[in-house]
Amino acid sequence: MVSLPRLVIAAPASGHGKTTVATGLMAALSRAGHDVSGHKVGPDYIDPGYHALATGKPGRNLDPHLVGEQRLVPLLLHGAAGADLAIIEGVMGLYDGQIGGEGFASTAHVATVTRTPVVLVVDISHASRSIAALVQGMVAFDPSVRVVGVILNKAGSPRHAGEVVSALESTGLPVLGVLQRDDGIVAPSRHLGLVPAAERDDAAHALDRLAAQIAEKIDLDQLLALAHSAPDLDAEPWAAAHEVAAPTDVPRPVVAMAGGRAFTFRYAETEELLRAAGCDVVTFDPLADSALPEGTAGLYLGGGFPEVHAAGLSANAPLRGSLRAAVDAGMPTYAECAGLLYLCRSVDGLPMVGAVDAEAVMTPRLTLSYRTAIVPADQLTGAAGTRVTGHEFHRTGLVEPVTSDAAWLVDGAPHGFGSATLHASYLHTHWAGHPAMAQRFADAVHAYTPRPTTSQVEMKGRAERSQTSARSAGRTKSAGPEGWTFHGDQELAPGLIDFAVNIHDDVRPEWLEAALRESLDDVGAYPDAAPAQHAIAQRHGRRTDEVLPTAGAAEAFGLIARARPWRRPVVVHPQFTEPDVALAAAGHHPEHVVTAAADGFVLDPATVPDDADLVMIGNPTNPTSVLHPEQSLRRLVRPGRVVVVDEAFMDSVPDERHSLAAITDPGLLVVRSLTKLWSIPGVRAGYVLGSPQLLDELRRHQAPWSVSSAAIAAMTATATPEALAEAAKRTTRIGQHRRVLTDGLTELGIHHVPAAAPYVLAKVGSTAHDRLRSAGYAVRRADTFPGLDDTWVRIAVRRPDTTRKLLATLRIEGPWT
């Protein structure tokens, strides 16, 4: 028997606020220190994205049509592994399920199978006492469904809410909370429903507001007590390794899985099954990446909104060419819905990959339905006659009907495109319900012999150039230690306008100023960093023993350098040189892997020596402002190696995308600094996130009381919901101000690296630094960074009026070569 406190959040119908309340509860409970897992009844992909944002765990689906009733409890236990509470968001109305199925696949069905108590969310905006009759009817309709409480949503006034609460006393159900009308916390809709969390730059900020409101207006203690009333479950958790098998003693081929904003629809178990079947899954972004991941032997193109991002997908001609060549070469390719559209010749007239001989267009009608499909002939995803359950969810259609080589037969009609190496259709399937599909696809990937495409040859050439650069400029201890201690503040002098120091130029918030002032009251006692440790753990959803406050990032680098007798420490450059200084001071000889300008200074993980036991890299990197993809950084992690990611500027990235702060791995350390975004370089406040074992190694070398009272106050203050909301605003302004700088540089014909941080690396010529200084501007010289020379400078993002003055000077002082 397995004990799992849990609740289903349901409603009388769609539109009552299930997603808002369920996601808000997940976020509020997570911020209160609970380890929460989020689940969604039905096939929907979008709501689980918000659940993942709220809990820090993958959102999971519970759908008996897709996976079978017998797998619901095992999948629930699998998704909730390690959690102390599960929140299950319902679908439609409580008793609404598959049409003609008498409630099959409804929220009530899933609640009954999983023996989970139900809390009803009811929109009371258009009624008062009648709400009690509605709720009483929901309770009485099926006595096997245990409704335990009610949350009232969209109350017009306290008096209105009081009338409803009074009427509900007759039902015997507790009212757990009342929410007022608040359009500011409603997720925006798109033609298929909500906008995916990955496409909302304000998603984290909106979630913070929602969590605070839920915590204030809903009785979380009473809700937790109801969750603990759920009975134990008699089942074993689902495990991917029990569903598929991996070949032994063979290399793990790469499955390239489409991600990014255009491809957000896929079930978490899909990747888990592929990994269990012996494949490495690497996510790529069809909007941003110019080539497939190196070593790709299989393609998984899931669902999403390619029609919304069609222009961006079409503009990425290099990747479209790589994909067309891969599919034509027989690389096993699975594409569903958005993936099908992407492989077509065009979407609404915009060129796509062209691997499927069809054109797609937007249609006025939404197709939304459960399906049962049959494999018509032996092909990539199954043997002839295999029966599969799935669902369709799209507002596009193919111009030409499918006539032959269909992927499925649906109601006797051909559907999609299928062959021994390609599957492309509108049907979404959940591979946890059909693990044989995952096994068959993985077997084909293992059997595939890659034939290098043009883009892969080019990638190999870039990797070789990068390795050559690393050997010549890095592994021979490039740029000289004499330049490692030079920093941007040394560029400053009276009368110079500061574009050299990467400190945000906005005023500090009053609440931060107050916290710093109040910290002076504590200077008569030795500092205790425990409050900061707790606040940071809450902010990142980590345990307190996974947080180590430090006197800025510099102290963290020193602790890491002294933690072990590193055999082969590697620093990825160009980047902040303080890790080199710390390693050298500890008696180590750091090697450099230098990323190449020709590759946009993007790291190829294959260029890092296999036997490196310490790898240090910035993300986003200073001074290049390059944001490395999360998957690239995770490829660096391996047994026997510690990977340190310096995220000093990550809080300036919208939604902190590609951050590893939430990733728990025994070989990963993430270093953070509060200096830049909050404009407090004199406070020296930072921290390290990692496993308790690794942090204990660092802590043994940390001087007592090294973190000051002011730093503790700053860490605590900047981890609150109010601070995160302010950080989101600052990040938005930084992006707007950076655009002024980059657009101006482009107009002047000055090459610059695409930037993700509050600074831009520009190639202005060997005389530019001194010429700008003579004109009254301090910019950061770049020749002290390994891999760069005096033709580059780093320019900090400043307010538009100040930036325009610099751009005017660049125009007058040019040309820049």
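This one's a predicted model, so the numbers in the text were calculated from it and none came from an experiment.

1. A look at the packing of aromatic side chains
Working step 1: Here the structure, examined in full by the defined rule, presents 15 aromatic pairs.
Working step 2: Judged by centre distance (4.5 Å) and plane angle (25 degrees), the rings of Tyr45 and Tyr267 are stacked. Separated by 222 residues along the polypeptide, Tyr45 in the loop between strand 2 (36-41) and helix 2 (46-55) and Tyr267 in the loop between strand 10 (254-258) and helix 10 (268-276) bring together distant segments of the chain. Neither Tyr45 nor Tyr267 differs from the other in exposure class; each is buried.
Working step 3: Geometrically, the ring pair formed by Phe601 and Trp792 is edge-to-face, given 5.6 Å between the ring centres and 75 degrees between the ring planes. Of this pair, Phe601 sits in the loop between strand 25 (591-594) and strand 26 (614-618) while Trp792 sits in strand 33 (residues 792-796); the two residues are 191 residues apart in sequence, bridging distant segments of the chain. Per residue, the accessibility class of Phe601 equals that of Trp792, and both read buried.
Working step 4: Here the aromatic cluster, defined as three or more aromatic residues joined through ring pairs, consists of Tyr45, Phe265, Tyr267 and Phe393.
Working step 5: Above the ring of Phe486, the side-chain terminus of Arg781 is found at 4.9 Å from the ring centroid.

2. Considering the confidence of the model for the protein chain
Working step 1: On average, residues of the protein chain carry a pLDDT of 89, and 92% of them reach 70 or more.
Working step 2: By mean pLDDT, strand 8 (residues 189-190) is the weakest element of the protein chain at 35, and strand 1 (residues 6-10) is the strongest at 98.
Working step 3: Predicted confidence for residues 187-195 stays below pLDDT 50, and this span has 30 contacts to residues more than four positions away or in other chains.
Working step 4: Below pLDDT 50 for its whole length, residues 452-479 participates in 56 contacts with residues either more than four positions away or in separate chains.

3. Details of the packing of helix 4 (residues 72-79) against helix 5 (residues 107-114)
Working step 1: Contact pair helix 4 / helix 5: the axes reach a minimum separation of 9 Å and the direction vectors enclose 80 degrees. As the angle between them shows, helix 4 and helix 5 are arranged roughly perpendicular. Touching Leu72, Val73 and Leu76 of helix 4 are Val110, Val113 and Thr114, all from helix 5.
Working step 2: When grouped by side-chain class, the residues that make up the contact of helix 4 with helix 5 number five nonpolar, one polar and no charged.

What counts, and at which threshold
- Residues numbered from 1 in each chain as written.
- Predicted model: local features only at pLDDT ≥ 70, side-chain atom pairs only at ≥ 80, totals over all residues.
- Heavy atoms only, no water.
- Phe/Tyr/Trp six-rings, centres within 6.5 Å; stacked < 30°, edge-to-face > 60°.
- Helix = DSSP H or I, 4+ residues; strand = E, 2+ residues; numbered from the N terminus.
- Buried < 20%, exposed > 50% of the residue type's maximum accessible area, 1.4 Å probe, protein only.
- Lys NZ or Arg CZ within 6 Å of the ring centre and 35° of its normal.
- pLDDT = per-residue confidence, 0-100.
- Contact = heavy atoms within 4.5 Å.
- Axes fitted to C-alpha atoms, helices over the stretch in contact; angles between N-to-C directions.
- Parallel < 35°, antiparallel > 145°, perpendicular 65-115°, else oblique.
- Nonpolar A, V, L, I, M, F, W, Y, C, P; charged D, E, K, R; others polar.

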